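If you want the building blocks of each chain, they are given just below.
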Amino acid sequence: MTHEPDARHIPLSRRAIITGGLAAGETPALTPTPPSPARGHRPHKPGPGVSGPDRKVLMRWARDTWRSLVAMTDPRTGLVSDNITGDLSTPGVYTSPTNMGGYLWSTIVARDLRIITPGEASRRIRQTLRTLQGMEHHEASGMYFNWYDPRDGSVIYNWPEGDNDPVVPFVSSVDAAWLGAALLVVRNADPSNRKVAGQMFDRMRFDVFADPTFYKPYLMYGGFYLEEPTALNNPPRTEARDLIDAGEDVWYTADHHYDTIVSETRVTTYLALAKQQVPASAYFQAWRTFPPVDYDWQEMPPEGEWRTYFGVDVFEGAYDYYDRLTVPGWGGSMFEELMPNVFVPEEDWAPRSWGRNHPNHVAVQRLHGMEEYGYWGFSPASHPAGGYAEWGVDALGLNPDGYFSDVEHTNYHWDQPKPDYGQGVVTPHAAFLAMMHERAESIGNLQAIESDFDSYGAGGFYDAINTDTGQVAVRYLSLDQAMIMGALGNVLADNVLQKAFVKGEVERYVRPVIAPEEFGASE
């Protein structure tokens, strides 16, 4: 039994036992198939033609969101900070590979939306890549550590805020994957930086995170430390293991696999599949829901049946909420469901799985939010009262303790009367992600949030809003802003990130893996 704390802001504690590559006698992911032409959009997905008033308002939001990312980026290094104050005056003094990747893909979007010129985009990307090339990183895997100082690119060994607590360098699988996704986008979309981005992507080894010895083989671990993390105040339980092909000991976190398919972490598996570093069966090891007999503690009894793909028996379960069968994530957030979809046209490649689940998840979030609060969009983000929190729709989460849509953490349970929800908290980036599937509804929701609350500043929408009290988290997080840019790039610029990401090996090796699956989700 496992869970997934938010990988962006919480130091990961995961178990990993790595032996290496494909097991003896195992074939690569599958025989490559030639890429097929881009398919047309399914009816639920907005087409590329956004014009008139909608385009005008979306472009205003895009320009302002880009302004916040520019303000967060150090002009000497090209590294974006994790966050910045609402007046765009004070950026944070730490960053992560995910943040760096978000800035790179946002630059491509800003170029294609003509917010900046192609020359400026290439210059910005070149500056960031040059800094990355000179930064200390884990050379055997080609991966970067989790925390750096954006002002000079140095590794952070003591947390720059609070009590200056020690930080042990950690290589995170999901953070590495988001930087890898951005490098792939740059390689395929920016000719002047193609060579450098391609070299950096080529050296990345996602198989160092995959565990072929687990009872569900090749699930991805959270990552590894370079030394035993005894310096930490509450050190995680770790196991020293030989890193694949490197002849060195690292300390893998010892208690966790990323084991749910509705999770941002599936992008790590996609990249490993694209690079043929794990077999096709790896994708089917993660839970859709837990089986009803073995896991009767879960949020509600799942409906579904067993099916087999690439030799793996999969329980294709789904939860029934608002009369829509939807495969849940761990917490029920838009981030888990749709962030990988910013890069992979999952609903087109896998119409019987993601083609059902994405619109269902968006519809359920909308219905829940509108009924309880009059606004919608729930995903991990800032807490309006300070700090960070994991927002979501509890009924769409496998976690019985849930990510919650209100401050009071009101808990839904299928066999109890519907609860009275308290102070709802909406996160604008969640509604932007949903825009890839419900354009009109998402725009209307965001317009209402902007007009009804003091929720908008020079850098676009602030990070989170309490819809009951009107309290706003007056700051910007670079990843949340980058998700907004990514979604707007796909909606306004003809799926720019999806087209760049899937070109070549991703479509060749990932599409045939995910195509045959049928979720237990309803049409």
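Each remark here, short or long, concerns the structure printed above.
Structure report, in brief. Here, residues in each chain are numbered from 1, in the same order as that chain's written sequence. Residues qualify for local features only when their pLDDT is at least 70, as the model is predicted, and side-chain atom pairs are given and counted only at 80 or more; totals for whole chains, interfaces and linings, by contrast, use all residues. Heavy atoms from the whole structure form the basis of all side-chain values; hydrogens and water molecules are not counted.

### What to know about the overall build of the chain
Then comes step 1: Each helix is a run of H or I in the DSSP string that is no shorter than four residues. Each strand is a run of E no shorter than two, and both are numbered from the N terminus. Across its full length, the chain holds 15 helices and 18 strands.
Then comes step 2: Taking 523 residues into account, the globule formula puts the C-alpha radius of gyration at 24 Å, and the chain, at 21 Å, falls close to it.
Then comes step 3: Here the C-alpha coordinates of the chain stretch approximately 60 × 55 × 50 Å along the principal axes.
Then comes step 4: Going through the 523 residues of the chain one by one, you find that 65% of them count as buried.
Then comes step 5: In this description, accessible areas are obtained by the Shrake-Rupley approach with a 1.4 Å probe, and a residue is regarded as covered only by the protein chains that are shown. Carbon together with sulfur atoms contributes 48% to the accessible area of the chain, which is approximately 17,900 Å² in total.
Then comes step 6: Positive charges come from Lys and Arg alone, negative charges from Asp and Glu alone, with His and the N- and C-terminal ends not counted. Charged groups are reduced to one reference atom each: NZ for lysine, CZ for arginine, CG for aspartic acid, CD for glutamic acid. Here the chain holds 42 positive side-chain charges and 69 negative ones, and the gap between their average locations is 12 Å. C-alpha atoms define the radius of gyration in this analysis, and the globule rule sets the expected value at 2.2 Å times the number of residues to the power 0.38. Buried, partly exposed and exposed residues are distinguished by accessible area as a fraction of the type maximum, computed with a 1.4 Å probe on protein chains only: under 20%, between the cut-offs, and over 50%, respectively.

### Here we look at the sheet that holds strand β9 (residues 312-321)
Then comes step 1: Should DSSP find at least two bridges between two strands, the strands are regarded as paired. Here we have 3 strands laid out as an open sheet, ordered β8-β9-β10, and antiparallel in their pairing. For this open sheet the edge positions go to β8 (303-309) and β10 (324-326), each flanked by a neighbour on one side alone. Between one strand axis and the next, the sheet turns by 30 degrees as a mean value, whatever way the strands run.
Then comes step 2: Two strands pair when backbone bridges link them, and β9 and β10 are joined in this way by 3 bridges, in the antiparallel orientation. Bridge pairing in β10 links tyrosine 319 to threonine 326.
Then comes step 3: Contact between two residues is taken to exist if any of their heavy atoms lie within 4.5 Å; hydrogens are not considered. Axis definition: a line fitted to C-alpha atoms, over the contacting stretch in the case of helices. Angles run 0 to 180 degrees between N-to-C directions. The sheet contacts of helix α9 (residues 354-372) involve β9 and β10, and relative to β10 the element is tilted by about 120 degrees.

### Side note on the environment of isoleucine 116
Then comes step 1: By the secondary structure assignment, isoleucine 116 is in the loop between α2 (97-112) and α3 (118-134).
Then comes step 2: Given the relative accessible area of 7%, isoleucine 116 is considered buried.
Then comes step 3: It is 27 Å that separates the C-alpha atoms of isoleucine 116 and alanine 440, two residues lying 324 residues apart in sequence.
Then comes step 4: Aside from chain neighbours lying at most four places away, what touches isoleucine 116 is Trp66, Thr107, Ala110, Arg111 and Ala121.

### Observations regarding the packing of aromatic side chains
Then comes step 1: Put simply, two rings from Phe, Tyr or Trp (the six-membered ring, in Trp's case) pair if the centres are within 6.5 Å, and we call them stacked under 30 degrees between planes, edge-to-face over 60, tilted for the rest. Scanning the model with the defined rule gives 32 aromatic pairs in all.
Then comes step 2: Judged by centre distance (5.7 Å) and plane angle (25 degrees), the rings of phenylalanine 284 and phenylalanine 310 are stacked. Taken together, the residues phenylalanine 284 in the loop between α6 (266-274) and β8 and phenylalanine 310 in the loop between β8 and β9 connect sequence positions 26 residues apart.
Then comes step 3: With a centroid separation of 5.9 Å and 65 degrees between ring planes, the pair formed by phenylalanine 432 and phenylalanine 461 is classed as edge-to-face. Of the two residues, phenylalanine 432 is situated in helix α10 (residues 428-434) and phenylalanine 461 in strand β15 (residues 460-461); the sequence distance between them amounts to 29 residues.
Then comes step 4: Aromatic rings pair up to connect Tyr270, Tyr283, Phe284, Tyr309 and Phe310 into one cluster.
Then comes step 5: Consider the ring centre and the ring normal. A charge sits over the ring if Lys NZ or Arg CZ is within 6 Å of that centre and within 35 degrees of that normal. The lysine or arginine in question, arginine 266, covers the ring of tryptophan 354, its NZ or CZ lying 4.0 Å from the ring centre.
Then comes step 6: The ring centre of tyrosine 283 lies 5.2 Å from the NZ or CZ of arginine 288, which sits over that ring.

### Overview of the sheet that holds strand β2 (residues 170-172)
Backbone-to-backbone hydrogen bonds pair the strands of a sheet. The strands run either parallel or antiparallel.
Then comes step 1: Strand order in the open sheet formed by 4 strands is β2-β5-β7-β6, with antiparallel pairing between adjacent strands. Here the strands that pair on one side only, and so sit at the sheet edges, are β2 and β6 (238-242). Direction aside, neighbouring strands of the sheet carry axes that sit 35 degrees apart on average.
Then comes step 2: Across the sheet, helix α4 (residues 173-189) is in contact with β2 and β5 (223-225); its angle to β2 comes to roughly 60 degrees.

### Remarks on the packing of α2 against α4
Then comes step 1: It is at 7 Å that the axes of α2 and α4 come closest, and there the two elements cross at 25 degrees. Classed by the angle they form, the pair α2 and α4 counts as roughly parallel. Along this stretch, α2 crosses α4, giving a crossing that reads as left-handed. The residues of α4 that touch α2, namely those facing Pro97, Thr98, Met100, Gly101, Leu104, Trp105, Ile108 and Arg111, are Val174, Asp175, Trp178, Leu179, Ala182, Leu183, Val185, Val186 and Ala189.
Then comes step 2: Charged residues are taken to be Asp, Glu, Lys and Arg, nonpolar residues to be Ala, Val, Leu, Ile, Met, Phe, Trp, Tyr, Cys and Pro, and polar residues to be all remaining types, Gly included. Broken down by class, the residue content of the contact of α2 with α4 amounts to 13 nonpolar, 2 polar and 2 charged. By definition in this entry, angles of less than 35 degrees are roughly parallel, angles greater than 145 are roughly antiparallel, angles of 65 to 115 are roughly perpendicular, and the rest are oblique. A crossing counts as left-handed when the near helix is turned anticlockwise from the far one by less than a right angle, and as right-handed when that turn is clockwise.

### Notes on the pattern of salt bridges
Opposite charge on two side chains permits them to pair, given that their charged atoms come into close proximity.
Then comes step 1: Think of a salt bridge as a Lys or Arg side-chain nitrogen and an Asp or Glu carboxyl oxygen that are within 4 Å of each other. A full pass over the atoms with the stated rule returns 19 salt bridges.
Then comes step 2: A salt bridge links arginine 76 to aspartate 74, with the nearest nitrogen and oxygen atoms 2.8 Å apart.
Then comes step 3: When its relative accessible area of 10% is taken as the criterion, aspartate 74 is described as buried.
Then comes step 4: The partner of arginine 511 in a salt bridge is glutamate 507, and the shortest N-O contact between them spans 2.7 Å. When sorted by exposure, arginine 511 lands in the same class as glutamate 507, which is buried.
Then comes step 5: Taken together, the shared-partner salt bridges connect Glu305, Arg307, Arg356 and Glu518 into one network.

### Here's the deal with empty space enclosed by the protein
Then comes step 1: We place a 1 Å grid over just the protein atoms. Points where a 1.4 Å probe fits but has no way out form a cavity, open points with protein on both sides within 12 Å along at least 5 of 7 lines form a pocket, and any residue with an atom within 4 Å of a point lines it. Grid points are joined across faces, edges and corners, and a volume is the space filled by probe spheres set on the points. For the structure on display, the rule yields 4 cavities of 30 Å³ or more.
Then comes step 2: For the largest cavity, the calculated volume is near 110 Å³.
Then comes step 3: Residue lining of the largest cavity: Tyr218, Leu219, Met220, Tyr258, Thr260, Ile261, Thr265, Arg266, Thr269, Ala282, Tyr283 and Ala286, and that is the complete set.
Then comes step 4: Its residues assigned to classes, the lining of the largest cavity comprises 8 nonpolar, 3 polar and 1 charged.

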